[in-house]
Amino acid sequence: MAKDVTVVGLGADGWDSLDTAGKDTVLAAQTVLGGARHLALLPNVPGQSRRTWPSPLRDGLAALVAEAEPPVVALASGDPLVSGIGTTLIDILGRDRVRVVPAVSSVALARARMGWAAETVTTVRVVGRDVRRIVPALAAGRRLVVLSSDETTPGLVAALLTDLGYGASSLTVLGDLGARTESRHDGTAASWDVTQVPRLNVVAIEVRGAGPGWAAGGILPDEAFEHTGQITKRDMRASALARLAPAPGQLLWDVGAGSGSIGVEWMRAHPTARCIAVESRPDRAALVRRNADTLGVPDLVVVEGAAPEALGNLERPHAVFVGGGATVPGVMEACWEALRPGGRLVVHGVTAETEALLLEQYRRRGGELVRLHIERAGPLGSFTGWTPARAVSQWSVTKGES
């Protein structure tokens, strides 16, 4: 049976950062769990069992706690609920089994050092992750606190900002926050030349310049994507996304992904939104990966394969977009069957054959069937005229509404 766990947050000074109550909690524990670095900070307690975290962490955590002799204490850095072990333990054991005793988080300390109000700051965690995760949060005038992976993170962040047109952004690297060895380095992204920073550091950024742009509520221009013509154009993309309705934590299948524009936009809508892009052509699959990396969603998953066969073992989606291949036998049925109750399905077609299929699906399942026409102004001799683009038929439906 899972045991109760008290999670104690340590400040940068380790054992000395705890108050009397915190020290008493740790000293009274029969089992203390934590990383090797944290466990090494504790004074010797005869008879106390100390266990390091399993690897992989999540897979072995429940068994580790179940084997521990109570009372059980787990050690964390700062606030255990800010990208910490406290969140993981609650996910696995449940809220009623975990008590959290926080210290001041590195995010709070960083804001204090910078004099930044909490409501003006976005926190991005890149611990063990690609630094390009900061891209969707970038826009001129924004403030970011980046939780670094190690001493290489500041240089990678500076290079990324410069490459994206944000080289004028100010960078402050705060090392060993709260400890006697706390350090600070200031500069700009374009001129960053600091090579020696502590392994434990936080990067504070004031964004200046122009780049891909802020994600929330905005649809990227077509020029932001690398493509060979196989792209859902901006106006059509906006219409599709309005009906797909991206939401935190939800999964999209982008079937027949092409350049991956729908999946990229979906994931940029919220840091926890997820996407699996399915593309049969290797060159286009590589294109999707490059666009995902460039536009700040490197966690987008690309599956190379043809639908419907490639869909068989994928996690069930909350939404599906079919941008190509809707007329392939079995694709529409596979997408519909996999879609979760209440999920949204949007399909685009430009051929008469696809339009006939969408009409049949509309009659069968309901939803909304529209034809989208876009015309763009351009030179017509010495005047200005309208050039129509190919019309797109769009069928959208929520599973369960028919």
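Calculation rules
Residues numbered from 1 in each chain as written. Predicted model: local features only at pLDDT ≥ 70, side-chain atom pairs only at ≥ 80, totals over all residues. Heavy atoms only, no water. Pairing = 2+ DSSP bridges. Helix = DSSP H or I, 4+ residues; strand = E, 2+ residues; numbered from the N terminus. Axes fitted to C-alpha atoms, helices over the stretch in contact; angles between N-to-C directions. pLDDT = per-residue confidence, 0-100. Contact = heavy atoms within 4.5 Å. 1 Å grid on protein atoms, 1.4 Å probe; cavity = no way out; pocket = protein on both sides within 12 Å on 5 of 7 lines; lining within 4 Å. Points joined across faces, edges and corners; volume = space filled by probe spheres on them. Nonpolar A, V, L, I, M, F, W, Y, C, P; charged D, E, K, R; others polar. Phe/Tyr/Trp six-rings, centres within 6.5 Å; stacked < 30°, edge-to-face > 60°. Lys NZ or Arg CZ within 6 Å of the ring centre and 35° of its normal. Left-handed = near helix turned anticlockwise from the far one by under 90°. Parallel < 35°, antiparallel > 145°, perpendicular 65-115°, else oblique.

Draft legend 1. Layout of the sheet that holds strand S12 (residues 274-279). Strands sit in the order S13-S12-S11-S14-S15-S19-S16 across an open sheet of 7 strands; the sheet is mixed. Where the open sheet ends on each side, the last strands, each with one partner, are strand S13 (301-304) and strand S16 (368-372). Averaged over all adjacent pairs, the angle separating strand axes in this sheet is 15°, with direction ignored. With 6 bridges joining them, strand S15 (residues 344-349) and strand S19 (residues 392-398) adopt antiparallel strand pairing.

Draft legend 2. Fine view of the confidence of the model for the chain. When the pLDDT values of the chain are averaged, the result is 92; 97% of them are 70 or greater. Considering each helix and strand of the chain separately, the mean pLDDT is smallest for helix H2 (residues 36-39), with a value of 90, and largest for strand S14 (residues 319-322), with 98.

Draft legend 3. Just the environment of leucine 300, in detail. As for its placement among the helices and strands, leucine 300 is situated in the loop between helix H9 (282-294) and S13. Along the sequence, leucine 300 and tryptophan 336 sit 36 residues apart, while their C-alpha atoms lie 22 Å from each other. In this structure leucine 300 touches Gly263, Val264, Met267, Cys275, Ala277, Val288 and Ala292, once residues within four positions along its chain are discounted.

Draft legend 4. Seen up close, the layout of surface pockets. Its volume calculated, the largest pocket comes out at about 1,400 Å³. Forming the boundary of the largest pocket are 50 residues, of which Arg37, His38, Ser77, Gly78 and Leu200 lie nearest the centre. Going through the elements one at a time, strand S1 (5-10), H2, strand S4 (72-77), helix H4 (85-93), helix H5 (106-114) and strand S10 (201-206) are the ones with two or more residues in the lining of the largest pocket. Of the residues belonging to the lining of the largest pocket, the class tally is 24 nonpolar, 19 polar and 7 charged.

Draft legend 5. Representation of the sheet that holds strand S5 (residues 98-101). Spatial ordering of the open sheet is given by S3-S2-S4-S1-S5, a layout of 5 strands whose pairing is parallel. Each end of this open sheet is capped by a strand with a single partner; those strands are strand S3 (49-52) and S5. With direction set aside, neighbouring strand axes in the sheet form an average angle of 25°. In this sheet, S4 lies alongside S1 in parallel orientation, the contact comprising 6 bridges. Bridge pairing in S4 links valine 8 to leucine 75.

Draft legend 6. Focus on the packing of aromatic side chains. All chains considered together, the criterion is met by 0 aromatic pairs. The ring of tryptophan 336 carries the charged tip of lysine 399 above its face, separated from the ring centre by 5.7 Å.

Draft legend 7. Broad picture of the packing of helix H10 (residues 331-338) against helix H11 (residues 352-365). Contact geometry of H10 with H11 gives a least axis separation of 12 Å together with a crossing angle of 35°. Judged by the twist between their axes, the crossing of H10 over H11 is right-handed. The segment H10 lies against H11, with Met332, Glu333 and Trp336 engaging Leu357, Leu358, Gln361, Arg364 and Arg365. A class-by-class count of the residues in the contact of H10 with H11 yields 4 nonpolar, 1 polar and 3 charged.

Draft legend 8. How the structure looks around the packing of helix H7 (residues 234-244) against helix H8 (residues 261-268). Two numbers describe how H7 lies on H8: the axes approach to 11 Å, and their chain directions differ by 50°. Between H7 and H8, the interaxial angle falls into the category oblique. As H7 runs across H8, the sense of the crossing is right-handed. For the pair H7 and H8, contact is made by Arg237, Ala240, Leu241 and Leu244 and by Ser261, Ile262, Glu265 and Trp266, respectively. Classifying every residue of the contact of H7 with H8 gives 5 nonpolar, 1 polar and 2 charged.

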